[in-house]
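Structure assessment
Residue strings, one per chain:
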Amino acid sequence: MDKEYTILMLPGDGIGPEIMGEARRVIDWLGAKRNLKFKIHEGLVGGAAYDAHGMPLSPEILELAKQVDVVLLGAVGGPKWAGVDYDRRPEAGLLTLRKELELFANLRPAICFEALVEASSLKPELVSGLDIMIVRELTGGVYFGEPRGIETLENGERRGVNTQVYTTSEIHRIARVAFDLAGKRDGRVTSCEKANVMESGLLWREEVTVIAAEYPEIKLDHMLADSCAMQLVRAPKQFDVIVTDNLFGDLLSDVAAMLTGSLGMLPSAALGAKGGCAMYEPVHGSAPDIAGRGIANPIATILSLAMALRYSFDCATEARLIEDAVQKVLAAGLRTADIMQPGREQVSTAVMGDSIIGALDSLNK
Ligand code: NAD
């Protein structure tokens, strides 16, 4: 029997339902035209779940998330829930999912589509053909380290503390994700830390080097994180896979993201332990300013689905097909408002979805 892939779709808030609707159409297309079998569950998360149940993630949905292969999430949040307690805010639903599913590896590709080269803030020749994968450690480091807090000293001064901390096992597992990915790409990993001034950075460098020995076919370089930030805007095409900690990854992945021109184009993945559930979601938020107007760009969500096909379902052919369809539609001049350029045709969310389905049909031989 053909394998059945289980997906939990959590559209969330704002533009979430609109963009997820287009991803759903691509899933249905894959079922009809590529004979892939999907079992789809749908549920509420974020503000939508808060409105329905008084909490941003119900125990039932969390349990379901633990059972499926993949969670595909739209976005959460919005001004409507600004006054809600922090532990019940929409964003708390997302953080709980990441924590409970032990999603320790955040994958953020920065790919520059040829048709959007002009949208980047860098010169076209610097970003044309760009294809970087940033692997960010997501559950450790200074965002979680103890002790933390703000205290008032005896002299009345206040003192804020956060602790950067990593263990060998945390470094080893994220390093393996990076080396495995590089094996499917150009075979190069750049590991970034601040080994010059931080002991945790030195440990990071040493332990990534230990894991590199398991991957003799992969070339490993080390780079200081500040230097990496500089190189990302000077000569970004030198990189293949960048692996780094939670804090530096947060910053470097945002820098890399902007090389590609638009938030509406950027997918991401968060992977857990091998065999466990993974979560895929666009990098952008719920865009309350344009929600309900049918003008949101669905491409980041559709490309997140492509990542799920590649990394969770081993369906690289279908992933490539989706990426080629997006490329084809952009090359034909279709643009949603966020990526609109002079001389191109501005289309709605639904028309962008239609066009991608049309391109899939024409590419599917
Ligand atoms: P945002 O990413 O929602 O929007 C930033 C800008 O980009 C807005 O002008 C928006 O219209 C535009 N934009 C974003 N996605 C777009 C798309 N697909 N198509 C067209 N335009 C798009 O960030 P924000 O405004 O800072 O945050 C809004 C809400 O989203 C907040 O409540 C925030 O907490 C939440 N948020 C959620 C996530 C998530 O769910 N992972 C991530 C970031 C922000």
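Describing the overall build of the protein
Helix and strand content of the protein: twelve helices and 14 strands. For 365 residues, the compact-globule estimate of 2.2 N^0.38 gives 21 Å, and the C-alpha radius of gyration of the protein, at 21 Å, lies within 12% of that figure. By its C-alpha atoms, the protein is 65 × 50 × 50 Å across when sized along the principal axes. Classification of the 365 residues of the protein by burial places 53% in the buried group. Summarising the internal contacts of the protein: among those between residues at least 6 apart in sequence, 74% fall at separations of at least 24. Carbon and sulfur atoms make up 53% of the accessible area of the protein, which totals about 16,200 Å². If you average the places of the 37 positive and of the 50 negative side-chain charges in the protein, the two averages end up 4 Å apart.

Examining the sheet that holds strand E12 (residues 278-282)
Spatially, ten strands are ordered E2-E1-E3-E12-E11-E4-E5-E10-E8-E9 in an open sheet, and the strand pairing comes out mixed. Because the sheet does not close on itself, it has two edges, and the strands there are strand E2 (37-42) and strand E9 (219-224). Neighbour-to-neighbour, the strand axes of the sheet open up by a mean angle of 25°, direction not taken into account. Of the pairings in the sheet, the one linking strand E1 (residues 4-12) to strand E3 (residues 70-75) comprises five bridges and is parallel in character. The residue bridging Ile 7 from the neighbouring strand is Val 70, located in E3. With respect to the sheet, helix H4 (residues 90-100) is in contact with E1, E3 and E12, its orientation differing from that of E12 by roughly 145°. Contacting strand E5 (131-137), strand E8 (188-193), E9 and strand E10 (241-244), helix H7 (residues 199-212) crosses the sheet at an angle of about 175° to E9.

Things to note about helix H3 (residues 59-67)
Listed as buried for H3 are Ile 61, Leu 62 and Ala 65. Projected down its long axis, H3 carries its buried residues within an arc of 100°, all on one side. Set apart from the buried face of H3 by more than 90 degrees, the exposed residues are Pro 59, Glu 60 and Gln 67. Against E1, E3 and H4 lie the buried residues of H3.

Here we look at the pairing of strand E11 (residues 267-271)
E11 sits mainly inside the fold: five of its five residues count as buried. Across three bridges, strand E4 (residues 105-111) lies against E11 in antiparallel orientation. Residue Leu 107 lies in a different strand from E11, and its bridge partner there is Ala 269.

Here's the deal with the side chain of Arg 108
Along the polypeptide, Arg 108 turns up in strand E4. Relative accessible area serves as the criterion here: at 11%, Arg 108 is assigned to the buried category. Polar side-chain contacts of Arg 108 include one of 3.3 Å to the side chain of Ser 253. In this structure the side chain of Arg 108 is engaged in a polar contact, spanning 3.1 Å, whose partner is the side chain of Asp 254.

Considering the pattern of salt bridges
The full count for this structure, using the stated rule, is 22 salt bridges. A salt bridge links Arg 24 to Glu 42, with the nearest nitrogen and oxygen atoms 3.2 Å apart. Within this pair, whereas Arg 24 is found in helix H1 (residues 16-33), its partner Glu 42 is found in strand E2, the two being separated by 18 residues in sequence. Where salt bridges share partners, they join Arg 310, Arg 320, Glu 323 and Asp 324 into one cluster.

A closer look at unusual backbone geometry
Residue Glu 146 is joined to Pro 147 through a cis peptide bond whose omega torsion reads 0°. Its place among the elements puts Pro 147 in the loop between E5 and strand E6 (149-152). For Glu 102, which is not glycine, the phi dihedral falls at a positive 50°. Relative to the assigned elements, Glu 102 resides in the loop between H4 and E4.

Topic: the environment of Glu 100
Residue position: Glu 100 is located in helix H4. If near-sequence neighbours (up to four positions away) are discounted, Glu 100 is found in contact with Leu 62 and Lys 66.

Some remarks on the nonpolar core
Most often, soluble globular proteins keep nonpolar side chains buried together rather than apart. With 70 residues, the main nonpolar core has Leu 107, Val 135, Phe 179 and Leu 309 as its most contacted residues. Beyond its immediate chain neighbours, meaning those up to four positions away, Val 135 contacts Asn 106, Leu 107, Ile 174, Val 177, Ala 178, Leu 181, Val 241, Ile 242, Val 243 and Thr 244.

Examining the domain arrangement of the protein
As far as domains go, the protein holds domain 1 (1-103 + 272-365) and domain 2 (105-260). Taking only C-alpha atoms, the centre of domain 1 and the centre of domain 2 are 25 Å apart. Counting from both sides, the interface comprises 15 residues of domain 1 and, opposite them, 15 residues of domain 2. Summing both sides of the interface, domain 1 and domain 2 together bury roughly 1,300 Å²; the carbon and sulfur share of this comes to 65%. On the domain 1 side of the interface with domain 2, the three residues burying the most area are Leu 103, Tyr 311 and Gln 327, jointly 34% of the side's total. Where domain 1 meets domain 2, there are zero salt bridges. Broken down by secondary-structure element, the contributors of at least two residues to the side of domain 1 that touches domain 2 are helix H10 (299-311) and helix H11 (316-331). Of all the elements, H11 adds the most residues to the side of domain 1 that touches domain 2, at five residues. Taken together, the residues that form the side of domain 1 that touches domain 2 break down as nine nonpolar, two polar and four charged.

Parameters and conventions
- Residues numbered from 1 in each chain as written.
- Predicted model: local features only at pLDDT ≥ 70, side-chain atom pairs only at ≥ 80, totals over all residues.
- Heavy atoms only, no water.
- Helix = DSSP H or I, 4+ residues; strand = E, 2+ residues; numbered from the N terminus.
- Rg over C-alpha atoms; globule rule 2.2 N^0.38 Å.
- Buried < 20%, exposed > 50% of the residue type's maximum accessible area, 1.4 Å probe, protein only.
- Contact = heavy atoms within 4.5 Å.
- Areas by Shrake-Rupley, 256 points an atom, 1.4 Å probe, with all protein chains shown as cover.
- Lys, Arg positive; Asp, Glu negative; His and termini not counted.
- Charge placed at Lys NZ, Arg CZ, Asp CG, Glu CD.
- Pairing = 2+ DSSP bridges.
- Axes fitted to C-alpha atoms, helices over the stretch in contact; angles between N-to-C directions.
- Arc of directions from axis to C-beta.
- Polar contact = N/O pair within 3.5 Å; in protein donor to acceptor, adjacent residues only side chain to side chain.
- Salt bridge = Lys/Arg side-chain N within 4 Å of Asp/Glu carboxyl O.
- Core = buried A, V, L, I, M, F, W, Y, C linked by side-chain atoms within 4.5 Å.
- Domains from an automatic or database assignment.
- Buried area = accessible area lost by both parts, 1.4 Å probe.
- Nonpolar A, V, L, I, M, F, W, Y, C, P; charged D, E, K, R; others polar.

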